Amino acid sequence: MLENQKKDVGLYGFTGCNGDQLTIIHSEDKLLDFWQSVHIKSFSLAKSDNDDSDLDIALVEGSISNQEQAEHMKEIRKRSKKLIAIGNCACYGGVQAMELGSKGWDQRFRKVYGDAFFELRTPIESKPIDVFVDVDFYIPGCPINADQFFYCFAHLIQDHVPTIPDHPVCAECRWRENDCLLLKGILCLGPLTASGCNAVCPSHNLPCLGCWGPVEEANVSSEFNLLKEKGLTQEEIKRRFRMHNGSGIIKPLKKILGVL
Amino acid sequence: MREILVEPLARVEGEGGITIRTEGKKVKEVRFDILEGTRLIEALVVGKTPEEDVSITCRICAICTLSHRYAALRGLEKALGIQVPPKVQWMRSLMHLGECLESHSLHAYILALPDFFGYPSVIPMLDQYNEEVTGALTLKKFANRVMEVTSGRMIHGENPTVGGFGRYPDREVLQQLKQEAKELLPFAEKGVKLFADLDIPSFFEQETVFMCCEPDEKEYGLVGDYIRISTGEVVPVEQYQKLTNERFVSHSAAKHCLYKKRPYTVGALARMNNLGDRLKGKAGMLFKKYWNERWLRNPVFNNLAQAIEIVWGLEQIPMVVDHIIKIKEDPEIVKPTQRKGDGVGAVEAPRGTLYHHYQIKEGLVADANFVIPTGQNLEDCEKYMRNAVEKLLTEAVDDDAIRLQCEIIVRAYDPCISCSTHLVTIECEDE
Amino acid sequence: MRAVKLRKQDLPAFLKCVQSFGELWGPVREKDRQVLKKTDDVNQIDLTTIRTSLPFKKLLFPPRFSMFHFSGNKYTTSLEHLPNRIIFGLHPCDIHALLIMDDFFTRSFDDPYYTERRKKTAIIGFSCIPDEKCFCHATKTDTVEEGFDLFLTDLDDFFLIWVGSSLGDDMTRECPKIIDEGILPEDLKKYVEWRKYRNSQFKMDIDLTSMPEIFDLSYDSVIWEEEGEKCLSCGACTIVCPTCPCYHVYDKIEMGKIEGERMRQWDSCLFKEYSMVAEGHNFRESRAERLKLRFTHKLQAFVGEYGKPACVGCGRCIETCPVDIDIATIVRRLRGEEVKV
Amino acid sequence: MTGLTALKNAYLPESMRLIRRYPLIEGVHFFQVRAVDMTRALSLDYLPGQFMMVSIPGIGEAPFSISSTPSRPGLLEFGIRRVGRVTNAIFQLKENQIIGVRGPYGNGFPVEKIKGNDLIIVMGGLGAIPLRSLLLYALDNRDQFGNIYLLHGAKTPSEMLFREEFLNFRYRDDLTCLLTVDQDDTGKWPCYTGLVTRLFQQLTDIIPQKTYVAVCGPPVMYKFVVAELLKLNIPKHQILMTLERRMKCGVGKCGHCIIGGYIYTCVDGPIFTYWDVIHMKGLI
Ligand SMILES: Cc1cc2nc3c(=O)[nH]c(=O)nc-3n(C[C@H](O)[C@H](O)[C@H](O)COP(=O)(O)OP(=O)(O)OC[C@H]3O[C@@H](n4cnc5c(N)ncnc54)[C@H](O)[C@@H]3O)c2cc1C
Ligand code: SF4
Ligand code: SF4
Ligand code: SF4
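Note that the structure is a prediction, hence the values are computed from the model and not measured. (Residues numbered from 1 in each chain as written. Chains lettered and ligands numbered in written order. Predicted model: local features only at pLDDT ≥ 70, side-chain atom pairs only at ≥ 80, totals over all residues. Heavy atoms only, no water.)

J.: Could you give me a rundown of the overall build of chain C, with the residues and numbers involved?
T.: A tally of regular secondary structure across chain C gives 13 helices and 12 strands. A compact globule built from 341 residues would reach a C-alpha radius of gyration of about 20 Å, and chain C, at 22 Å, matches this within 12%. By its C-alpha atoms, chain C is 65 × 60 × 40 Å across when sized along the principal axes. Here chain C, with 341 residues, has 61% of them falling under the buried criterion. Contacts in chain C between residues far apart in sequence, at least 24 positions, make up 73% of those at least 6 positions apart. Carbon and sulfur atoms make up 51% of the accessible area of chain C, which totals about 13,900 Å². The distance from the centre of the 49 positive side-chain charges to the centre of the 55 negative ones in chain C is 3 Å. (Helix = DSSP H or I, 4+ residues; strand = E, 2+ residues; numbered from the N terminus. Rg over C-alpha atoms; globule rule 2.2 N^0.38 Å. Buried < 20%, exposed > 50% of the residue type's maximum accessible area, 1.4 Å probe, protein only. Contact = heavy atoms within 4.5 Å. Areas by Shrake-Rupley, 256 points an atom, 1.4 Å probe, with all protein chains shown as cover. Lys, Arg positive; Asp, Glu negative; His and termini not counted. Charge placed at Lys NZ, Arg CZ, Asp CG, Glu CD.)

Here's what the structure looks like:
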């Protein structure tokens, strides 16, 4: 690609584990291509000569958990043509948003930090970035899958909209010929969860925990009924549904249960 | 008043900054700010099953994901009365070594090294230091592979679970790892020399205290149920609160730790200072060759300590793999023997001792407390920066020089900011 | 058809011998699952498997593969490095499914990705005793006359081998020492007895007569809505089905280049996106409609076209669906029989 | 790569050059392409109503009806509406660039059957694209067809596809050209206003058994047009309609265009008769 056609790209991390940026850094085979196919204007996890110039594409990891981040997020949006949410935290709020929609954030805050006063930051309940700004594309996962990320990235930098299949983890799980855990009465969230991870957990005989967030057409009520039939309690099922699904599960759960 | 800010601090994991305020030639304030948002994980794990807990707490940090998982597993299994069989223990050692190698090679070569050669990142170093950089990337890739094979994927692998593993890797894959570890050793040894040859300034040096896990086998290692302190004491991990004494400081979302009112250091340097003379093989030789008294006073030697630990890790892996392969039968996941209990687990995360403390009631987490390495290092880190700034002020240098020196110190500690926001139970114990 | 005999203890030797024709794939048991796997060690092959979790189709059109490489406007494909393979252990139902796939992928247009692989695949069928999920007697796919190179019937102390093709013939001649040409009258008797026994072993009772008419009359039945409520759209039933060939196509590109692969990946008519067209219009918006499509395809439309259903009675979807939507439940419900909902 | 396998793999697009492109109406452009290989360009044969798969490397493929007529070999014409990924990329192409095309696919109009009969062509919206091919084909082979009627409806004059071309047809004496718009926003529209169904009043001396009708337009149009045609007693199997479905292969393998269980729109269609539609559930 010609130097002047290269897109200006920035990577930003808000609240989270940095796992998505690290997934990029961990992709030794792709890293150089990644670096050279665009102008990386900002990527503070990996380099120190960062600037706040206008961007073609901003990749944002992490959820928003204080007011300063919210402002920063809006500022990034203003100078970016496209904004891409990467990772479960940015897309749905991440594990820190598992209680989103129910009360009690203040108590939880006090449990951890007491009556501490934060001089530099004003904490708020952690939320996905689309609560604050418009998002053009979502690449989910906790963490993102490197292949899927680079697949999307390659398209995005050529102004294409990538397509990521909206089928559940079960599809990939079946391709890998795993024994279905749900059939054994294990609380597997495969049917509700967007695929892309290659069904890594079921392939290790462990249930899917839903870390990619809900698949678009998740049939939450059917899975809920099925699990109850298998002898799991409403509390157990609800807790698991909410663990990694952040903002994505609130609506369907409310629909089934009336309240959260 | 002169104010020097570094924000955001680049090439560290998480969102942090440095604030320096001076008045004439006097230092008013030197702070390492933790700006990362709050996540309240300690509160969120309450009411979860142990399996759910490990899946949540590992997400505190992507670099030390397996250390968090391991510390949590150790704490939870104590509380649940679970004794895991040897194959599980060896598998955990292997995954932990993978993480240690991955983190060290990332930190030492990719995040810290550019400072010493005057580059903004590792990529432009490719021209001049191609061998070093590509070698480091190969090493990192190998370490990632170890984590992937053992834990299921590079980051947040769910395979290590309470009571064992969901699945065990194939023998051929393990053999392959063993082979690769051997092949990487020469590069790692050369790397030690690279860091040993760096010119490390001494003007901010000062004695401090070092802590690390005391491995059960009395060898060099990364886990143990006791803590060794450089003052000579050995304390059971259950007394971790006495050791760490967290207190809250308003400029950071992390809590600082003090031991007997003294700041202390954890991490590779602490392990080397406390346990280095137990090292055998190539790592032992290198330690003997390069260790000197300055290691006790200067945190920047941490990079060199990490480089030696990489050699040690590569020497360990073939041995650990052999142990795993020897046990043919894959053990079933061990079930809890009790639904109520208390347990503290400690492991050496790449950047130092990590504690997870759990109370379990009716099979669910009733209370959780984590103490994170970076929090323990904060106080020392600020101390050394202050020393450096004081000295530099007398030489009337510009802001950038001060900034760079402080960054070198902070980065030497390999701070992990995502982790460090996770501290709990405030016992505001201001001296 | 030529038939020969093989003593039971000689099977490993025979399989070793036929390996000279290509990679040997056969059913292998791994914990609770049965998988079609490439095996160098013939002793791993498990003759007691009923149905492998994925059928042979994974070898003839893999779940995901590159159709061709493109670089700018240059397209290149390479299909000649495909290995020769022998699939051992296909039961009659799977062989019928294979015949359906053979026909499908050459119907009006040759799909080279299938046909090239198929050309290099030899089939050694193997007899079976049905379990409680098999219903190939209802779909009339319980015996085979074609579609295999060799077919082995297990008659206690020996295998009766039907030779179905010239390649199969070559295989038997590769190891003449262990192949016995002399079929005796008592062998024939044994075979007849065995057939009788096998026929008596079907446990699943499912009536597929008049299905096309029943479907016609049930087009607006509430059954579709009710089952649609339960369906998880996980696609598992179509993935495991040996007669489901649908796929999705997408392009993968390299960073910063117009170079990449056109990929083909299994799709499912139960996924929402399957029938979506421009401006978000979806011809099969509801799960009910999608389920209806799947079953209409298997049991009605295909019958109209070929005089037999596209379901071969392998029982995979019965084993697989977490919410029990399968051929058996649907057929029973449509016939008005009692089914636990 | 052995030549044989490469040739046989009809999934590989052929290179074609974009000769000309210009807007037809807002959001719909006209694209004229020709096979790079000239012998191929001249030998490429197809039926009106067939479609091609157009490929943009890196983005994907999409089916488009051929709008030109096989009676004028050499150039292929398409009318393409910009709706999504592939069409966006097609709109970025410049004249002289190379694109990938494969086909033709689909059953096409049964022109041999229509020959010798009268032909009514009813088009609305994008339906004009495939029907233009049939219309031009019939006009080029004028002596083989009976009376030809063109009924074309658009919302406004500016939204009528091939407006100038069809307006000129009004002056021909070998076809009845009836054009209408729902609303004339220019005040200068020289033809009818009102829905396309109103034009049926103009069709007076139809001999139903001897008439074929080809209809293509937005889904709502079919219902009303068919009602009119039934009033005229046109046999159901002589009413031809083109249907649209999701397609990923064009050759009856990927499954997406399946209708009613075993009809593949891309192979068995996209042209169906009205009898097919009522006989096989799920067609529209
Ligand atoms: C036989 C046939 C003939 C056609 N002729 C023409 C024509 O002459 N002119 C014209 O402008 N359009 C025509 N179409 C429609 C055209 O194929 C779609 O508009 C095009 O595929 C959209 O592709 P896209 O990548 O731009 O849209 P996408 O970004 O893929 O998606 C936009 C929307 O289009 C849908 N879509 C994707 N692929 C297809 C597909 N293959 N068929 C239908 N919808 C799809 C998606 O579900 C989505 O809702 C025809 C379709 C068929 C089946
Ligand atoms: S194990 Fe889980 S992901 Fe796999 S098929 Fe079953 S429900 Fe789906
Ligand atoms: S299987 Fe589920 S929990 Fe596991 S990685 Fe995939 S989406 Fe996450
Ligand atoms: S529909 Fe079910 S039983 Fe029939 S062939 Fe497919 S998977 Fe087997």
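J.: Report on the packing of helix α4 (residues 86–117) of chain B against helix α5 (residues 130–151) of chain B, specifying residues and quantitative values.
T.: The description of two packed helices rests on the angle between their axes and on the distance between the axes. All names here are of chain B. At a minimum axis distance of 8 Å, the contact between α4 and α5 shows a crossing angle of 155°. Here α4 is positioned roughly antiparallel relative to α5, judged by the angle of their axes. Crossing of α4 over α5 shows left-handed handedness. For the pair α4 and α5, contact is made by M91, L94, M95, G98, E99, L101, E102, S105, L106, Y109 and I110 and by E132, A136, L137, L139, K140, F142, A143, N144, V146, M147 and T150, respectively. Among the residues forming the contact of α4 with α5, the class breakdown is 14 nonpolar, four polar and four charged. (Axes fitted to C-alpha atoms, helices over the stretch in contact; angles between N-to-C directions. Parallel < 35°, antiparallel > 145°, perpendicular 65-115°, else oblique. Left-handed = near helix turned anticlockwise from the far one by under 90°. Nonpolar A, V, L, I, M, F, W, Y, C, P; charged D, E, K, R; others polar.)

J.: Let's hear about the nonpolar core: which residues, and what values?
T.: In this structure, F34, F149 and F241 of chain A together with Y109, W295 and L314 of chain B are the most contacted members of the largest nonpolar core, which totals 295 residues. With residues up to four places along the chain from it excluded, the contact list for W295 of chain B reads F210, L269, M272, N273, F287, Y290, F301, L304, A305 and I308 of chain B. Within the second largest apolar cluster, 62 residues are counted, among which are V28, I121, L134 and L167 of chain D. (Core = buried A, V, L, I, M, F, W, Y, C linked by side-chain atoms within 4.5 Å.)

J.: Give a detailed account of the domain arrangement of chain C, specifying residues and quantitative values.
T.: The accessible area lost on association of the parts is a frequent measure of interface size. Residues and elements named next belong to chain C. When the domains of chain C are assigned, the result is domain 1 (2–58 + 80–200) and domain 2 (211–334). On the domain 2 side, the residues contacting the 26 residues of domain 1 number 25 residues. For the pairing of domain 1 and domain 2, the buried interface totals around 2,100 Å² over both sides, and the portion due to carbon and sulfur atoms is 62%. At the junction of domain 1 and domain 2, the tally comes to four salt bridges. A salt bridge links R316 to D94; the shortest N-O distance between them is 3.0 Å. For the side of domain 1 that touches domain 2, the secondary-structure elements that each account for two or more residues are α2 (57–60), α3 (92–106) and α5 (136–139). (Domains from an automatic or database assignment. Buried area = accessible area lost by both parts, 1.4 Å probe. Salt bridge = Lys/Arg side-chain N within 4 Å of Asp/Glu carboxyl O.)

J.: Outline the site of ligand 3, supporting the account with residue identities and numerical values.
T.: Near ligand 3, the surroundings consist of T193, C197, V200, C201, P202, C208, L209, G210, C211 and W212 of chain A together with R153 of chain B. Its residues assigned to classes, the shell around ligand 3 shows eight nonpolar, two polar and one charged. (Near = heavy atom within 4 Å.)

J.: Tell me about empty space enclosed by the protein, and please be specific about residues and values.
T.: All names here are of chain C. In this structure, the largest cavity occupies an estimated 130 Å³ of space. Taken together, 14 residues make up the lining of the largest cavity; nearest its centre are C244, C246, C269, Y274 and H297. Of all the elements, helix α11 (residues 287–306) adds the most residues to the lining of the largest cavity, at four residues. For the lining of the largest cavity, the class distribution of residues is eight nonpolar, three polar and three charged. (1 Å grid on protein atoms, 1.4 Å probe; cavity = no way out; pocket = protein on both sides within 12 Å on 5 of 7 lines; lining within 4 Å. Points joined across faces, edges and corners; volume = space filled by probe spheres on them.)

J.: I'd love a proper account of helix α2 (residues 28–36) of chain A, names of residues and values included.
T.: Every buried residue belonging to α2 of chain A is among E28, L31, F34 and W35 of chain A, and all of these are buried. Seen end-on, α2 of chain A carries its buried residues on one side only, within an arc spanning 95°. Buried positions along α2 of chain A lie against β1 (8–13), α1 (19–25), β2 (39–43) and α6 (146–156) of chain A together with α5 of chain B. (Arc of directions from axis to C-beta.)

J.: Let's hear about the packing of aromatic side chains: which residues, and what values?
T.: Across all of its chains, the model carries 43 aromatic pairs over all chains by this definition. Aromatic side chains Y220 of chain B and W312 of chain B sit 5.0 Å apart centroid to centroid with 65° between the ring planes, which places their arrangement in the edge-to-face category. Placement of Y220 of chain B in the loop between β6 (209–214) and β7 (226–229) and of W312 of chain B in helix α10 (residues 302–326) is noted, with a sequence separation of 92 residues between them. Considered together, Y220 of chain B and W312 of chain B belong to a single accessibility category, that of buried residues. Site record: aromatic cluster; members linked through ring pairs are F61, F104, F105, Y114 and W266 of chain C together with Y264 of chain D. Its guanidinium or amino end placed over the ring of Y384 of chain B, K383 of chain B lies 4.9 Å from that ring's centre, counting from NZ or CZ. Directly above the aromatic system of F158 of chain C lies the positively charged group of K5 of chain C, at a separation of 5.1 Å from the ring centroid. (Phe/Tyr/Trp six-rings, centres within 6.5 Å; stacked < 30°, edge-to-face > 60°. Lys NZ or Arg CZ within 6 Å of the ring centre and 35° of its normal.)

J.: Hey, could you go over the environment of G221 of chain B for me, with residue numbers and the actual values?
T.: All names here are of chain B. Mapped onto the fold, G221 is located in the loop between β6 and β7. Along the chain, G221 and P169 lie 52 residues apart, while their C-alpha atoms are 23 Å from each other. Apart from residues lying up to four places away in sequence, G221 is in contact with P215, R271, L275 and W312.

J.: Account for the sheet that holds strand β2 (residues 16–23) of chain B, naming residues and giving values.
T.: Residues and elements named next belong to chain B. In spatial order, the strands read β1-β2-β3; together these three strands make up an open sheet with antiparallel pairing. In the strand order of this sheet, the two ends are held by β1 (2–6) and β3 (26–34), each with one partner. Within the sheet, the average angular offset between the axes of one strand and its neighbour, ignoring direction, is 10°. Note that β1 and β2 share five bridges and pair antiparallel. Of the residues in β2, the one forming a bridge with R2 is T22. Of the strands in this sheet, β1, β2 and β3 touch helix α11 (residues 373–394), which is tilted by about 145° from β3. Each of β1, β2 and β3 touches helix α12 (residues 399–412); the most contacted strand, β1, lies at about 45° to it. (Pairing = 2+ DSSP bridges.)

J.: Can you tell me about the side chain of R287 of chain C, naming the residues and giving the values?
T.: Here R287 of chain C shows up in helix α11. No salt bridge is formed by the buried R287 of chain C. Its closest oppositely charged neighbour is E217 of chain A, at 4.1 Å. At a separation of 2.4 Å, a polar atom in the side chain of R287 of chain C contacts the main-chain carbonyl oxygen of E217 of chain A. In contact with R287 of chain C, other than residues within four places in its own chain, are E217, A218 and N219 of chain A together with G228, C231, L232 and S233 of chain C. (Polar contact = N/O pair within 3.5 Å; in protein donor to acceptor, adjacent residues only side chain to side chain.)

J.: Can you explain the packing of helix α6 (residues 171–196) of chain B against helix α9 (residues 281–290) of chain B? Please cite residues and give values.
T.: All names here are of chain B. At a minimum axis distance of 12 Å, the contact between α6 and α9 shows a crossing angle of 10°. The angle between the axes of α6 and α9 places the two elements in the roughly parallel class. Contacts between α6 and α9 pair L185, E189, V192, K193 and A196 from the former with K282, L286 and Y290 from the latter. Of the residues in the contact of α6 with α9, the class split is five nonpolar, no polar and three charged.

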